[in-house]
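# Structural overview
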Amino acid sequence: MEKKVIMTELVVAGSGGTGLAAAYAAAKAGLKVIVLEKLQQIGGNTRISSGFFAINSREQKAAGLQLSKATAVQRLLNYNHFLANGPLIHKIVNSAAEALETLEQMGMKIKLNPTAATTQFAHREDDYKGGSYHMYQDKAQGYQKIQQTLERAGVEFKFGITMQELLSSEGQITGISAVNEAGERFEVHAQAVVVATGGFGGDKKRVATVMQTPYLRTIGVPNMGEGLDAMVKAGGKNIDATALIHAAQLAKSKITRKTSKQHLAGFVKNPLTQLLLTPLFWVNMNGERFTNEDVVYDTVEWANAGWSVGGQYYFVVDTATLNDFTEHGGKLEVSQAGPGADTTTGNFVELAEAAVKDGTAYKGNTLAELAQNAHFETAQFYEAVKKYNDSVQLRVDQQFGKSKKSLVYAIKKAPFYAFTTQVAHLGTIGGVRVDEHLRVLDAEMRPIPGLYTGGANAGGYYEGHSYPAYEGLASGFAWTSGRIAGLSAAKYVKNKQTLPSQPAKNVYK
Ligand SMILES: Cc1cc2nc3c(=O)[nH]c(=O)nc-3n(C[C@H](O)[C@H](O)[C@H](O)COP(=O)(O)OP(=O)(O)OC[C@H]3O[C@@H](n4cnc5c(N)ncnc54)[C@H](O)[C@@H]3O)c2cc1C
């Protein structure tokens, strides 16, 4: 039996921020566009995300903020140790404000989060990291409007369709093969393709392999990486796909897909999260202290520190600390990074006992007993506690330079507790090498004709393991890169139609 074939000018696989922005830009430029989406609704992980990084936006100007795009580019390059793609970063930073305005025209309401209101307290003084976060308002209605806007512009959505492979002919990408939920296979023939399938965060095994740890916890839509793999098969180079690690969670917390009123969805609702989100005393799986715990005020630095010790660590407290949290709510500022803490009051000793029963925390009437129960190396753990208690007494951390104000709780009054903590990730980022037009490049840095990508499938915007700690960077990248991919694909197709024998030369200038 012959495969069903659908004809169009541009096919977009995936309808997160990348796919939606690409489809809209290309349709407005006059192309006939079909979007294939694996799920039954648009939005992907972008729909769960909270905001968009843009520099010198209308909202920032209205708020009197004067931010320099050149500074933003420099800062991102520095953060990425110059491993990132300079022209791509330059183009995205310079196009983000316009992409944000287009998103507002598509139907999303936006409100700038002032720097002073950042939930990542480490960003309070930094308008680039904290003050460039343009928050999505009323997302359910926003996405409904976006879909209507795209449909009015002529975009055709097909839901429940999974892209499988890219089709090619004589060195040019000519479409996509796909399968619907009933298992029926078909092809979409097109003059260009935007692969916007959002990485492979739903593939636990692959994430564990890339990140070298089985301990990461996650949330998000189940993107499985078909699009990224197809681009590699077509000659693209996967230069930096990795998990977007972000904050950490208490072990076995219940993950839901619902978005909370706070920034992130699904982390456990339990006052113990106040301990998780406070710079207490942290040790690795061997009982050794490993970082300046003040990183808890920055979701990325926090996750990075946790990943550096295998993705799982413990915060250790004594009974005096628990009592202080019960009676006074603690003496330290509780971070609101990531999902933020559950700030309701509670009896923290009872909560700790419940966690021990639940298998998510360990208890010891002596340090040695705690070390044994939590599988720490006893001598190492002893040494770590002794050093830390000395630091608290002196209010000076000789080891990692933790701030004086955070050196409050010593580990002295038995019983002692160690809570298992796991780094979380928000899907993957990075992927195939692209140029600033979001054309996918082959090993010789040449564009693969007709192939475009963006968002969580595109490489070069991040260094690799560390996501730059600028709020809204990934979500902003999805919309901005998607828009550029759509505009570039439209120029390519138009050029091909007028000059069929000379595709793709200098059409982007
Ligand atoms: C809970 C959560 C919170 C986040 N918060 C933020 C935030 O506040 N700020 C920020 O900057 N970033 C945030 N991120 C990260 C950011 O949302 C993503 O990096 C970005 O939105 C990715 O956009 P995308 O378009 O590439 O992918 P997605 O938005 O994931 O879109 C991909 C789409 O492709 C579909 N798809 C997948 N495979 C196929 C296939 N084979 N065929 C057809 N369709 C397919 C998916 O169903 C999905 O709709 C968050 C992520 C999560 C999970």
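Keep in mind it's a predicted model, so treat the numbers as computed, not measured.

Applying the stated rule across the entire model yields 21 aromatic pairs. Here the aromatic rings of F315 and F419 are separated by 4.8 Å at their centres, their planes lie at 15 degrees, and the arrangement is stacked. Of this pair, F315 sits in strand β15 (residues 312-318) while F419 sits in strand β17 (residues 416-429), and the two are 104 residues apart along the sequence. The class of F315 is buried, set by a relative accessible area of 0%. Residue classification places F419 among the buried positions, given a relative accessible area of 1%. Members of the aromatic cluster, connected to one another through ring pairs, are Y314, Y362, F376 and F381. A cation over an aromatic ring shows up here: K129 above the ring of Y470, its NZ or CZ 5.7 Å from the ring centre.

What follows concerns the sheet that holds strand β9 (residues 172-180). The 4 strands are arranged β1-β10-β9-β8 in an open sheet whose pairing can be described as mixed. Whereas interior strands pair on both sides, the edge strands pair on one side only; in this sheet they are β1 (4-7) and β8 (161-169). When the angles between neighbouring strand axes are averaged without regard to direction, this sheet yields 25 degrees. Summarising the sheet, β1 and strand β10 (residues 185-189) pair through 4 bridges and their orientation is parallel. Looking across to β10, one finds that M7 is bridged to H189.

Further remarks concern the site of the ligand. T18, E37, T46, Y133 and S475 are the nearest of the 39 residues found near the ligand. Within the contact set of the ligand, an oxygen atom lies 3.3 Å away from a backbone nitrogen or oxygen of G44. At a separation of 3.0 Å, an oxygen atom of the ligand approaches a polar backbone atom of A474. Protein coverage of the free-state accessible area of the ligand, which is 1,000 Å², stands at 97%. Where the shell around the ligand is concerned, the elements lending two or more residues are α1 (17-28), β3 (33-37), α2 (44-48), β8 and α15 (473-498). Of the residues in the shell around the ligand, the class split is 16 nonpolar, 20 polar and 3 charged.

Take the pairing of β9 next. Here β9 lies mainly inside the structure; 7 of its 9 residues are buried. Pairing of β8 with β9, which is carried by 8 bridges, proceeds in the antiparallel orientation. Within the sheet, the bridge partner assigned to S169 lies in β9 and is Q172. Hairpin geometry of β8 and β9 is characterised by an intervening segment of 2 residues between the two adjacent antiparallel strands and by a positive phi of about 50 degrees at E170. Where β9 meets β10, 5 bridges bridge the pair, whose relative direction is antiparallel. Considered in β10, the bridge of V179 is made with R185. As consecutive antiparallel partners, β9 and β10 are separated by 4 residues, and within that stretch G183 has a phi angle of approximately 85 degrees, a positive value.

Rules behind the numbers
- Residues numbered from 1 in each chain as written.
- Predicted model: local features only at pLDDT ≥ 70, side-chain atom pairs only at ≥ 80, totals over all residues.
- Heavy atoms only, no water.
- Phe/Tyr/Trp six-rings, centres within 6.5 Å; stacked < 30°, edge-to-face > 60°.
- Helix = DSSP H or I, 4+ residues; strand = E, 2+ residues; numbered from the N terminus.
- Buried < 20%, exposed > 50% of the residue type's maximum accessible area, 1.4 Å probe, protein only.
- Lys NZ or Arg CZ within 6 Å of the ring centre and 35° of its normal.
- Pairing = 2+ DSSP bridges.
- Axes fitted to C-alpha atoms, helices over the stretch in contact; angles between N-to-C directions.
- Near = heavy atom within 4 Å.
- Polar contact = N/O pair within 3.5 Å; in protein donor to acceptor, adjacent residues only side chain to side chain.
- Areas by Shrake-Rupley, 256 points an atom, 1.4 Å probe, with all protein chains shown as cover.
- Nonpolar A, V, L, I, M, F, W, Y, C, P; charged D, E, K, R; others polar.

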